[in-house]
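Chain residues, written in single-letter form:
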Amino acid sequence: MTRPNDTGRTGVGPGVDSTGSPEHHNQTCAFDRLLSGASDEAEQRYQLELYKGIRFLQNRWQSAPGGNSPTVANAAASVMADPNRGARPINQSLLRTLQIRQTQAHNELRKTVPGQAQAANTLSILADVNDSGLDDAPDVSSLVVIELTDRLFDYLLARDDLPELSKNLLTYLYAPLLKLALADATFFERAEHPARMLLNSLVEASARWTSPNGDCQHDVYAKVFAIVLHLLAEFRHDAQVFADLYRDFNRDIQDLARRQALLEHRAVDKAQGEDTLRIARRRVYDEVQQRIQRRTLSSTVIFLLLQPWFDYLVFVFLRSGDSSNAWQQALQIIDELLYSLEPGQNSLEPLRAAKSSPDLSVSAAEILPMLERGLGAIDYDQTKGRTLLNAIQMQQTMAQQGREVAPAPASMRRKLEAIVAERTGIDALAVDEEAGLDVLQRVDAGAWIDTDEGERLKLAWQSCATGDYLLLDQRGRKVALVSATQLGRDLLTGKVIMVHRDNKVFFERALESIYQNLNACVGGNGGL
């Protein structure tokens, strides 16, 4: 049995996935597939094959020496062979017992403050059978369904990505879902059964919008709480109530998802813009430092190159790019300026390098006008700009006379360089260059993490320039921008843990888990 889109992979079970393959990261996640209503025929056939395999394994396991319930084994084959399965009568004593449990669960949950629900009493109804709590024993087909429903809820409670708060609430669905499964054989057979679709949607919405610390976004927990309470109060035998609830709930979460996707898109766009600015500043920083780091320069020149002209270079880089004439000329102005300030130099003669590129040639007479135009392009204060240029002109005159200008105090230069380095993010870049931790090799944008403070955050985007990860909360709002190194350390120390999400809906994952567990019980010879 091969799952759709899992070419070449046979067998099923939790953890057997294609998450390491590039194709996996291009597949639509389970939640979005639920929102779109996508469920093709191949996926439906796959889930039906799983169900048939589970029936087969139930038969083998229970028929084997030491099996727990031979009657369940006999029923496993007969139920699948029944051509009239679908709507079927329920043992009335069993139905009354389930209705009593459902009523008790409703009364208990109704008195509970939302967000403080404890796990419902989901002890298998088989305990009542064994204790002779029923007037007449259920038929063998009912025992098969009960066992499978028990395993479904066992898997629900074992899920790592579902907060305990949500698990506790969803366990209250045990009685109504078991009652439905007993009355309608297609519940476990048909992937598009409305009750299955509703359960899938409730689980996925809870995992996405409820945090381990109990925080819930967009009142999703309250919506799930209301649905569970409604089912406990109203469901008797008509499955239409599941279809109606699924339609309304899915409409609500589609709207939520659209709004959140817009917020996430804006947050990522903003982060990408900031990243582009960071790249520009880093390039400008390197170009300026390359030209001034071994020179003794005045306070005026240091300030000009590390403040307004630095901003102008960033402006040109972002607008025109580093292959443009505007960029090359802006750098040439720095070279010519520094050349014109060297004592004894003939500043009327441009640098030899400029002669090889006449279009970029900048003469001493052009330096000040071009500096003035550059400062005007970034709306630099005209009075401050004129003061700077007057000081530069005076220093050029002194240089032509062979006189030296007093250098900038070391403290002042260090302070300006530190300010620029901080704006550029130089320290963070240096740290991130030490990254490459193995733990992050398979962490891609779109993954989710849980923090030790109980927050659930999304790694929405990773910077190509720095490797930093943009963290968004469950509302799509920016929480932080963290370095890959720091995230790797937090994962290694357990400060944060990865939340495993794949491209399978809840019910499919549950069937895979049940199949794997039963297959292990019969020695791994499930025959699928």
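Residues numbered from 1 in each chain as written. Predicted model: local features only at pLDDT ≥ 70, side-chain atom pairs only at ≥ 80, totals over all residues. Heavy atoms only, no water.

## With respect to the overall build of the chain
Here comes step 1: Looking only at helices and strands, the chain features 23 helices and five strands.
Here comes step 2: By the burial criterion, 51% of the 528 residues in the chain qualify as buried.
Here comes step 3: Counted over contacts in the chain with a minimum sequence separation of 6, partners at least 24 positions apart contribute 73%.
Here comes step 4: Of the roughly 24800 Å² that the chain leaves accessible, carbon and sulfur atoms contribute 49%. (Helix = DSSP H or I, 4+ residues; strand = E, 2+ residues; numbered from the N terminus. Buried < 20%, exposed > 50% of the residue type's maximum accessible area, 1.4 Å probe, protein only. Contact = heavy atoms within 4.5 Å. Areas by Shrake-Rupley, 256 points an atom, 1.4 Å probe, with all protein chains shown as cover.)

## A short note on helix α7 (residues 140-158)
Here comes step 1: Taking 1.5 Å per residue as the helical rise, α7 with its 19 residues ought to reach 27 Å, and the 27 Å between its terminal C-alpha atoms agrees with that figure.
Here comes step 2: Burial analysis of α7 places 15 of its 19 residues in the buried class, the great majority of the element. (Expected span 1.5 Å × (residues − 1).)

## Remarks on unusual backbone geometry
Here comes step 1: For Asp379, which is not glycine, the phi torsion reads 60° and is therefore positive.
Here comes step 2: Here Asp379 shows up in the loop between α18 (364-377) and α19 (382-400).

## Structural notes on the environment of His106
Here comes step 1: Inspection of the secondary structure assignment puts His106 in helix α5 (residues 92-110).
Here comes step 2: Distance in space between the C-alpha atoms of His106 and Leu232 is 5.3 Å, their sequence separation being 126 residues.

## Observations regarding the pairing of strand β3 (residues 469-472)
Here comes step 1: Of the two faces of β3, the one carrying Tyr469 and Leu471 and the one carrying Leu470 and Leu472 are both buried.
Here comes step 2: Counting the residues that bridge the hairpin from strand β2 (residues 456-462) to β3 gives six residues, and of these Gly467 lies at a positive phi of roughly 85°.
Here comes step 3: Note: β3 against strand β4 (residues 478-482), four bridges, orientation antiparallel. Bridged to Leu471 within β4 is Ala480.
Here comes step 4: Where β3 folds back onto β4 in an antiparallel hairpin, the turn is made up of five residues, including Gly476, whose phi is positive at roughly 90°. (Pairing = 2+ DSSP bridges.)

## Points about the pattern of salt bridges
Here comes step 1: Evaluation of the coordinates by the stated rule reveals 24 salt bridges.
Here comes step 2: Taking the shortest distance from any N to any O, the salt bridge between Arg45 and Glu41 comes out at 3.9 Å. With Arg45 and Glu41 both in helix α3 (residues 41-63) and four residues apart, the pair spans about one turn of that helix.
Here comes step 3: The salt bridge partner of Lys478 is Glu274, with a shortest N-O separation of 3.7 Å. (Salt bridge = Lys/Arg side-chain N within 4 Å of Asp/Glu carboxyl O.)

## Some details on the nonpolar core
Here comes step 1: Counting residues in each nonpolar core, the largest one holds 67 residues, and the members touching the most others are Leu173, Leu231 and Phe242.
Here comes step 2: With nine residues, helix α11 (residues 194-209) is the single largest residue contributor to this core.
Here comes step 3: When sequence neighbours within four positions are dropped, the list of residues in contact with Leu173 reads Phe153, Leu199, Leu202, Val228 and Leu231.
Here comes step 4: If you look at the next biggest cluster of nonpolar residues, it comprises 38 residues, including Ile302, Leu341, Leu388 and Val420. (Core = buried A, V, L, I, M, F, W, Y, C linked by side-chain atoms within 4.5 Å.)

## Quick notes on the confidence of the model for the chain
Here comes step 1: Of the residues in the chain, 74% have a pLDDT of 70 or more, and the chain-wide mean is 79.
Here comes step 2: Here helix α1 (residues 22-26) is the element of the chain with the lowest mean pLDDT, 36, and helix α15 (residues 308-320) is the one with the highest, 95.
Here comes step 3: The low-confidence segment residues 6-28 (pLDDT under 50) makes 44 contacts with residues lying over four places distant or belonging to another chain.
Here comes step 4: Here residues 428-437 scores under 50 on pLDDT; set against residues more than four positions off or in separate chains, the count is 17 contacts. (pLDDT = per-residue confidence, 0-100.)

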